[in-house]
Amino acid sequence: MLQTSSCFEVPRVTQMAPDDSESRSMWAVMPSSSKELVEPDYASLEILFSVSPTAPMEKMGPKVKKIKEITFIGPKKSLLLSIFLKQFKCSNEEIAAMIQKGDSSKLDAEILKQLLKLLPEDHEINSLKSFKEEKTELANADQFYLHLLEVPSYQLRIECMLICEETKILLECLWPKAQAIRTACETLLTSHRLLVFCQLILNVGNFLNYGHHTGDAGGFKISALLRLTETKANQSHITLLHYILEEIEKNHRDLLQLPKDLDFVSKAAGIHFDAMQAEAGANLKKLLEIEKCLFLSTDDVKMQHAKSVQVGQS
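Residues numbered from 1 in each chain as written. Predicted model: local features only at pLDDT ≥ 70, side-chain atom pairs only at ≥ 80, totals over all residues. Heavy atoms only, no water.

1. Here's the deal with the overall build of the protein
- Across its full length, the protein holds 13 helices and two strands.
- In the protein, the proportion of contacts linking residues at least 24 apart, taken out of those at least 6 apart, comes to 74%.
- Of the roughly 24,000 Å² of accessible surface on the protein, 58% is carried by carbon and sulfur atoms. (Helix = DSSP H or I, 4+ residues; strand = E, 2+ residues; numbered from the N terminus. Contact = heavy atoms within 4.5 Å. Areas by Shrake-Rupley, 256 points an atom, 1.4 Å probe, with all protein chains shown as cover.)

2. What about the pattern of salt bridges?
- Overall, the coordinates contain eleven salt bridges when judged by the stated rule.
- Salt-bridge contacts for Lys-267 lead to Asp-263; the nearest nitrogen and oxygen are separated by 3.6 Å. In this pair, Lys-267 and Asp-263 are both assigned in helix H11 (residues 263–268), four residues apart and thus about one turn of the helix distant.
- Relative accessible area serves as the criterion here: at 36%, Asp-263 is assigned to the partly exposed category. (Salt bridge = Lys/Arg side-chain N within 4 Å of Asp/Glu carboxyl O. Buried < 20%, exposed > 50% of the residue type's maximum accessible area, 1.4 Å probe, protein only.)

3. Observations regarding unusual backbone geometry
- Unusually for a residue other than glycine, Lys-89 sits at a positive phi of about 55°.
- Along the polypeptide, Lys-89 turns up in the loop between helix H2 (75–86) and helix H3 (92–101).
- When its relative accessible area of 79% is taken as the criterion, Lys-89 is described as exposed.

4. Some details on the nonpolar core
- In terms of nonpolar packing, the biggest core is built from 30 residues, with Leu-81, Phe-84, Phe-88, Leu-107, Leu-115 and Phe-144 touching the most fellow members.
- Sorting the residues of this core by element identifies H2, H3, helix H4 (109–117), helix H5 (122–129), helix H6 (140–149) and helix H7 (154–190) as the ones contributing at least two each.
- Here Phe-88 is in contact with Ile-95, Met-98, Lys-106, Leu-107 and Ile-111, once residues within four sequence places are set aside.
- Counting 13 residues, the second largest nonpolar core, distinct from the first, contains Phe-197, Ile-201, Val-204 and Ile-248. (Core = buried A, V, L, I, M, F, W, Y, C linked by side-chain atoms within 4.5 Å.)

5. Looking at H5
- All buried positions along H5 are accounted for by Glu-124, Ile-125 and Leu-128. The buried residues of H5 occupy one face: seen down the axis, they fall within an arc of 100°. Opposite the packed face of H5, turned more than 90 degrees from it, sit the exposed residues Asp-122 and Asn-126.
- Tucked into the core, H5 has its buried residues touching H2, H6 and H7. (Arc of directions from axis to C-beta.)

6. So, the environment of Leu-85
- Here Leu-85 is to be found in helix H2.
- Put simply, Leu-85 and Leu-115 are 30 residues apart on the chain and 9.6 Å apart in space, counted from C-alpha to C-alpha.
- Excluding anything up to four places from it in sequence, Leu-85 contacts Asn-92, Ile-95, Asn-140, Ala-141 and Phe-144.

7. Overview of the packing of aromatic side chains
- Following the criterion strictly, the structure yields three aromatic pairs and no others.
- An angle of 70° between the planes, with centres 5.8 Å apart, marks the rings of Phe-72 and Phe-131 as edge-to-face. Of the two residues, Phe-72 sits in the loop between strand S2 (50–51) and H2 while Phe-131 sits in the loop between H5 and H6, which places them 59 residues apart along the sequence.
- An angle of 75° between the planes, with centres 5.3 Å apart, marks the rings of Phe-84 and Phe-88 as edge-to-face.
- Lys-267 extends its terminal NZ or CZ atom over the ring of Phe-264, reaching a point 5.7 Å from the ring centre. (Phe/Tyr/Trp six-rings, centres within 6.5 Å; stacked < 30°, edge-to-face > 60°. Lys NZ or Arg CZ within 6 Å of the ring centre and 35° of its normal.)

8. Description of the packing of H7 against helix H12 (residues 273–295)
- H12 packs onto H7 with a crossing angle of 155° between their chain directions and a minimal axis gap of 10 Å. One way to sum up the angle between H7 and H12 is to call them roughly antiparallel. With respect to the hand of their crossing, H7 and H12 are arranged in left-handed fashion. Touching Leu-156, Glu-159, Cys-160, Ile-163, Glu-166, Thr-167, Leu-170, Leu-174, Lys-177, Ala-178 and Ile-181 of H7 are Phe-273, Met-276, Glu-279, Ala-280, Asn-283, Lys-286, Leu-287, Ile-290, Cys-293 and Leu-294, all from H12.
- Class assignment for the residues of the contact of H7 with H12 results in 14 nonpolar, two polar and five charged. (Axes fitted to C-alpha atoms, helices over the stretch in contact; angles between N-to-C directions. Parallel < 35°, antiparallel > 145°, perpendicular 65-115°, else oblique. Left-handed = near helix turned anticlockwise from the far one by under 90°. Nonpolar A, V, L, I, M, F, W, Y, C, P; charged D, E, K, R; others polar.)

9. With respect to H6
- Residues Ala-141, Asp-142, Phe-144, Tyr-145, Leu-146 and Leu-148 constitute the buried set of H6.
- Summarising the contacts, the buried residues of H6 are in contact with H2, H3, H4, H5 and H7.

Have a look at this one:
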């Protein structure tokens, strides 16, 4: 029989003193006939309020003390390197293999930059090389360094992968801008309306400068167009530009379509060519430095990366 819960206790009926009146206690007048007795359903009562016997607690064995991992890397750098390695979701051997093969499928420019900052320093390399115990006793970050050290010229390989990725990104950014500038230049060289417009300005200028050494010019610099607003008429608020526009509107209406011809020029005007040159020049400088390092490296590194760097340089 299961134990029952002891949350409710039935008080014991004490023996009444002989001199007490039986009428003063309800227990004394309780019916004794079995027909009048009120009996509960003991079976359901036992099911509802029984308590299962507690199983004896098994003795737990002694706690196994976790072996402390060995590391030759500082705490901060070790933490950063561990976080860095977790993003790949693959083994240290596979990461080292990607670097050796030049596989950038999981190594974009930002990741390669981070990796260059986390490369082992000389004292860490010396400590790892002199470690003679089981490699499994080392922390994960240290084990990654061991695999990395097995890759010949690992830092140069990473730098080659990075310059290739950066060059690709730069070309994707600069190429549309270069195309826009080229289209604008071709438009300026081939627009017939622009030629007629400039010829009109040249004739006006030669007429106004008649008798001077500039009165028989065969052409003018494009920067001279800025002076159209500086040349004032004898009437207030009227400049040479106003006159030319009125002349076009009266006698050369086809030139009113010139802004449409120069739509590509307007779009290219917002591109900073000097900034493009600076970015391309800085990238070219890096490529040349990597090329020098590759020239002094081993044959397998040359074969793997020389062509990519040469293509980027061209």
